[in-house]
Amino acid sequence: MSRERKGDRRPPAAPHPPARPSIAAVMAERAFIVGTLIACGVPARDSADVAQAVVLGAWKAIEAGRYRPDPAANARQVLRRWLRGVAWRQATHYLGSAYVRHEVLHQEPLGLLRHVVGLNLEAQLQARAEMEALLALWQMPFWAREVLALAALGHGGTEIASVLHLHLGTAANRLRRARKLLARMRRRKGSR
């Protein structure tokens, strides 16, 4: 006698026996399937292909015995409700797949556009360098950031000293040390 283990799962008891509608009955609902797919967001140009996948998937499920309608209900309405579920699942799989995106192969694809889409390569490289400088600046101690920010705003040594309430020599020393630290951090990031 074998004991039931904790991880074992039993299939749920089906309330009704499997039904086997004909393939003609499934194909008769093709317009309904296409309408459901379009309502789910599938483009009209692709609806015929996805409808074929729905019919094929539904037929495989019927063959496997997974279509179990209530025998007392209207057969066509039950089949339509079930096909709506199959179509909805196929539409979500289709819309989530990578091959839905259309790609146009062209020697110069940006030449097809009427206006400039993004920045040019030089601007992107410059923005990346500026971002690295900002990140290096952010990792510096507060005193260095403070002195460099005042220098970047155009303040001279005497103005920096007066704003920070420091001696002129101390302000100049901090500015020199902060610039060296920033240069060292940028070289370190560039060597990685």
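Now for a quick tour of the structure.

How each quantity is defined
Residues numbered from 1 in each chain as written. Predicted model: local features only at pLDDT ≥ 70, side-chain atom pairs only at ≥ 80, totals over all residues. Heavy atoms only, no water. Helix = DSSP H or I, 4+ residues; strand = E, 2+ residues; numbered from the N terminus. Buried < 20%, exposed > 50% of the residue type's maximum accessible area, 1.4 Å probe, protein only. Contact = heavy atoms within 4.5 Å. Areas by Shrake-Rupley, 256 points an atom, 1.4 Å probe, with all protein chains shown as cover. Core = buried A, V, L, I, M, F, W, Y, C linked by side-chain atoms within 4.5 Å. Arc of directions from axis to C-beta. Phe/Tyr/Trp six-rings, centres within 6.5 Å; stacked < 30°, edge-to-face > 60°. Lys NZ or Arg CZ within 6 Å of the ring centre and 35° of its normal. Axes fitted to C-alpha atoms, helices over the stretch in contact; angles between N-to-C directions. Parallel < 35°, antiparallel > 145°, perpendicular 65-115°, else oblique. Left-handed = near helix turned anticlockwise from the far one by under 90°. Nonpolar A, V, L, I, M, F, W, Y, C, P; charged D, E, K, R; others polar. Salt bridge = Lys/Arg side-chain N within 4 Å of Asp/Glu carboxyl O.

Below, the discussion takes up the overall build of the protein chain. Across its full length, the protein chain holds eight helices and zero strands. Mapped in sequence order, the helices and strands of the protein chain form the string α-α-α-α-α-α-α-α. The buried share among the 192 residues of the protein chain stands at 23%. Intrachain contacts of the protein chain at a sequence separation of at least 6 include 64% that bridge at least 24 residues. Of the accessible surface of the protein chain, which amounts to about 14,700 Å², a share of 57% is contributed by carbon and sulfur atoms.

We now examine the nonpolar core. In this structure, Ile 33, Leu 37, Val 42, Val 54 and Leu 83 are the most contacted members of the largest nonpolar core, which totals 19 residues. Ranked by the residues each element gives to this core, the list is headed by helix 4 (residues 75-96), at seven residues. Ignoring any residue separated from it by four or fewer positions in sequence, one finds Val 54 in contact with Ile 33, Leu 37, Val 86, Ala 87 and Gln 90. Counting 14 residues, the second-largest nonpolar core is a separate cluster that includes Val 147, Ala 171, Leu 175 and Ala 178.

Here we take up helix 7 (residues 157-164). Along helix 7, the residues classified as buried are Ile 160, Ala 161 and Leu 164. End-on view of helix 7: buried residues confined to an arc of 100 degrees, all on one side of the axis. Downstream of helix 7 by a residue or two, His 165 has a phi angle that is positive, lying close to 60 degrees.

Backbone geometry places His 165, a non-glycine residue, at a positive phi of 60 degrees. Among the structural elements, His 165 can be located in the loop between helix 7 and helix 8 (168-191). Of the residues examined, His 165 reaches a relative accessible area of 72% and is grouped as exposed.

It is worth spelling out the packing of aromatic side chains at this point. Throughout the structure, instances matching the rule amount to one aromatic pair. Ring centres of Tyr 67 and Trp 82 lie 4.7 Å apart, and the angle between their planes is 55 degrees; this geometry places the pair in the tilted category. Placement of Tyr 67 in the loop between helix 3 (47-64) and helix 4 and of Trp 82 in helix 4 is noted, with a sequence separation of 15 residues between them. When the ring centre of Trp 138 is taken as origin, the NZ or CZ atom of Arg 145, which lies over that ring, is 4.7 Å away.

Attention shifts here to the packing of helix 2 (residues 30-39) against helix 4. Between helix 2 and helix 4, the least distance of the axes is 9 Å, while the angle of their chain directions is 45 degrees. In terms of their interaxial angle, helix 2 and helix 4 are classed as oblique. Here helix 2 runs over helix 4; the crossing is right-handed. Here helix 2 contributes Phe 32, Ile 33, Thr 36 and Leu 37 to the contact with helix 4, which in turn contributes Arg 80, Leu 83, Arg 84, Ala 87 and Ala 91. Across the contact of helix 2 with helix 4, the residue classes tally to six nonpolar, one polar and two charged.

Turning to the pattern of salt bridges, a few remarks are in order. Side-chain pairing between opposite charges can occur once the charged atoms of the two side chains come close. A complete count under the given rule lists four salt bridges for this structure. The salt bridge partner of Arg 20 is Glu 63, with a shortest N-O separation of 3.3 Å. Of this pair, Arg 20 sits in the segment before helix 1 (23-28) while Glu 63 sits in helix 3; the two residues are 43 residues apart in sequence, bridging distant segments of the chain. With a relative accessible area of 56%, Arg 20 lands in the exposed category.

This is a description of form; function is not addressed.
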